[in-house]
Amino acid sequence: MAHAIRFHATGGPDVLRWETTDVGAPGPGEVRIRHIAVGLNFADTYFRTGLYPAPLPAGLGVEASGVVEAAGEGVVHVAEGDRVTYTGSPLGAYSTERVMPADSLIRLPDKISCETAAAMTMRGLTSAYLLRRIHPLQSGDTVLLHAAAGGVGLIVSQWAKLLGITVIGTVSSEEKAEIARAHGCEHIIYYRREDVAERVRELTDGKGVPVVFDSVGKDTIAGSMASLQRRGLLVCFGTASGVPPLDAMQLAIHGSLFVTRPALADYIAEPAERGALAGELFGHVASGRIKIEINQRYALQDAVQAHRDLEAGRTTGSSVFVL
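Residues numbered from 1 in each chain as written. Predicted model: local features only at pLDDT ≥ 70, side-chain atom pairs only at ≥ 80, totals over all residues. Heavy atoms only, no water.

The protein chain appears in an unreviewed UniProt entry as Quinone oxidoreductase from Streptomyces oryzae.

Trainee: Hey, could you run me through the sheet that holds strand E11 (residues 187–190) in this one?
Mentor: Whether parallel or antiparallel, the strands of a sheet pair through hydrogen bonds between backbone atoms. Taken in spatial order, the six strands make up an open sheet running E11-E10-E9-E12-E13-E14, and their pairing is parallel. Lying at the two open borders of the sheet, with one neighbouring strand each, are E11 and strand E14 (258–260). Sheet twist, expressed as the mean angle between neighbouring strand axes with direction ignored, is 20 degrees. For strand E10 (residues 166–171) and E11, the ladder comprises four bridges, and the chain directions are parallel. Bridged to Gly169 within E11 is Ile188. Sheet strands touched by helix H4 (residues 174–182): E10 and E11. Its angle to E11, the strand with the most contacts, is close to 160 degrees. (Pairing = 2+ DSSP bridges. Helix = DSSP H or I, 4+ residues; strand = E, 2+ residues; numbered from the N terminus. Axes fitted to C-alpha atoms, helices over the stretch in contact; angles between N-to-C directions. Contact = heavy atoms within 4.5 Å.)

Trainee: Is there a simple way to think about the sheet that holds strand E2 (residues 16–21) in this case?
Mentor: One open sheet holds the three strands; their spatial order is E2-E1-E4, and the pairing between them is antiparallel. Strand pairing shows two members of the sheet lacking a second neighbour, E2 and strand E4 (58–59), which therefore form its edges. The pairing of strand E1 (residues 2–7) with E4 spans two bridges and is antiparallel. Bridging across to E4, Arg6 finds its partner in Gly59.

Pasting the structure below:
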């Protein structure tokens, strides 16, 4: 019997339930996949709390990897027995098996394990569009990266170093600073005891940075804007501390800034672009140029504890559920 984590009401981690489920057979354009590993992402908490609305009751999770057990009519790019990974809708990755649309599946290279794939597909593709699509960053540029010891932060720092881009990263502790430095973060700012914008100006000879990658949100937006150079770009790609208020006049006051709130789905919607970003990511990981740190592993039935750890800031790097 297959199992899944579901929730029937929004709220804290305790709303998550371990339930049996009838998977069934795939229809046209669908596959049945047996999961080997499932990604744990902060965005999962947004669905659980209701920040991102979902019809209830609902499954949870948008990232996993495993093996195709059956393919429905019309599915041609994957076949039974293929190792695959995915990220994106519909919800339901927190499960041992599921039937889902085949379009979003990406075949895995032999050198990348399912655990690694589940730990990096969302984070890695996010890092890919941040560095390769959202702004024409060049070797010699400097960027500010919040949550530098997180899953995206560690990948961005490594990839940026390959591109000759200097990363100034914010962290909360010495432990996280050590992890961030080991993965290519050049300068560390301890955001709880230092003025982020002031330190950024010191590190850039007063100029500020052309781009800030901000996954935190409400608690960091003021410092992020104050860290940007004239006509800089604020990339708000996450809201760990809540949705930031945005006063358009502040963009003018801080130097005619630009701001974007991107979603990964819009950068991988086209199969060709998704394939190009995944190919570049997989190439770096398979060669060892980018290392994926899985620092927390949980059983799927321990999702409540996993969410508690995530929201308490007790995790670093990537976290996965191992089935």
